[in-house]
Amino acid sequence: MADVPAFDNNGDFQSSRVLGNRGTYQQKQWLVVDPDPKGLNCRDNQFSVVVTLGYGSVVDAVFSSNQDNAIRSINGNPWLRVSASFLDIQTRNTGERLDTYICYVRANREYIAPINPDSQDR
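Residues numbered from 1 in each chain as written. Predicted model: local features only at pLDDT ≥ 70, side-chain atom pairs only at ≥ 80, totals over all residues. Heavy atoms only, no water.

J.: Help me get a handle on the overall build of the protein chain, residues and values and all.
T.: A tally of regular secondary structure across the protein chain gives 0 helices and 11 strands. A compact globule built from 122 residues should have a C-alpha radius of gyration of about 14 Å, and the protein chain, at 14 Å, falls within 12% of that. When its C-alpha atoms are laid out on the principal axes, the protein chain stretches across 45 × 35 × 30 Å. Classification of the 122 residues of the protein chain by burial places 39% in the buried group. Put simply, of all contacts in the protein chain between residues at least 6 apart along the chain, 60% involve residues at least 24 apart. Total accessible area computed for the protein chain in this model is approximately 7400 Å², and 44% of it derives from carbon and sulfur atoms. (Helix = DSSP H or I, 4+ residues; strand = E, 2+ residues; numbered from the N terminus. Rg over C-alpha atoms; globule rule 2.2 N^0.38 Å. Buried < 20%, exposed > 50% of the residue type's maximum accessible area, 1.4 Å probe, protein only. Contact = heavy atoms within 4.5 Å. Areas by Shrake-Rupley, 256 points an atom, 1.4 Å probe, with all protein chains shown as cover.)

What follows is the structure in structure tokens.
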């Protein structure tokens, strides 16, 4: 087991990678902790809100490669690229109905928290 990514003084997560016993690994699962009843905005590449995610949803970080960081700086703020299933979606703001949406959420502790899976489940 390893730690989860830490946030900085602003509450921002700057990386989706964590140092473990054998180097770094990808932090794959994140919990939506935004208490806003309207949900957490998840944005596409054009920065339009595609879907909102409900409190308590678990989303998966999307990595391009094994060494990739799923967090990108956009307009000076960190954003996490996630895969959200239809079960995570509170509202859909697009006419397209998909089983899974790939979008960006703000990588801040007010909105998301990394989940360290229980080693007993492996």
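J.: If you had to explain the nonpolar core to someone new, which residues and values would you point to?
T.: Among the nonpolar cores identified, the biggest contains 21 residues, and Leu-53, Leu-80, Val-105 and Ile-112 are the most heavily contacted of them. Of all the secondary structure elements, the ones that give two or more residues to this core are β3 (29-32), β4 (40-43), β5 (49-53), β6 (58-61), β8 (77-85) and β10 (100-106). Each residue touching Leu-53, except ones within four places of it in the same chain, is listed here: Val-32, Gly-39, Leu-40, Cys-42, Val-59, Ala-84, Asp-88, Ile-89, Gln-90 and Val-105. (Core = buried A, V, L, I, M, F, W, Y, C linked by side-chain atoms within 4.5 Å.)

J.: Residue-level account of the side chain of Thr-52, with values.
T.: Positionally, Thr-52 belongs in strand β5. What makes Thr-52 buried here is its relative accessible area of 4%. In this structure, Thr-52 is in contact with Lys-38, Gly-39, Leu-40, Asn-41, Asp-88, Ile-89, Gln-90, Thr-91 and Asn-93, ignoring residues within four places of it in sequence.

J.: I'd like a description of the state of the cysteines, backed by residues and values.
T.: Counted under the stated rule, the structure contains 1 disulfide. Note on cysteine connectivity: Cys-42 is disulfide-linked to Cys-103, with sulfurs 1.9 Å apart. Its S-S torsion of about 95° marks the bond between Cys-42 and Cys-103 as right-handed, since a negative value means left-handed. Of this pair, Cys-42 sits in strand β4 while Cys-103 sits in strand β10, placing them 61 residues apart in sequence. (Disulfide = S-S within 2.5 Å.)

J.: Just give me the short version of unusual backbone geometry, but keep the residues and values in it.
T.: At Phe-47, a position not held by glycine, the phi torsion is positive, near 75°. Structurally, Phe-47 is set in the loop between β4 and β5. You can call Phe-47 partly exposed: its relative accessible area is 28%. Despite not being glycine, Asn-75 has its phi angle at roughly 55°, a positive value. Tracing the backbone through its elements, the reader meets Asn-75 in the loop between β7 (71-74) and β8. Among the residues examined, Asn-75 registers a relative accessible area of 68% and is labelled exposed.

Interpretation in functional terms is not warranted from these geometric data alone.
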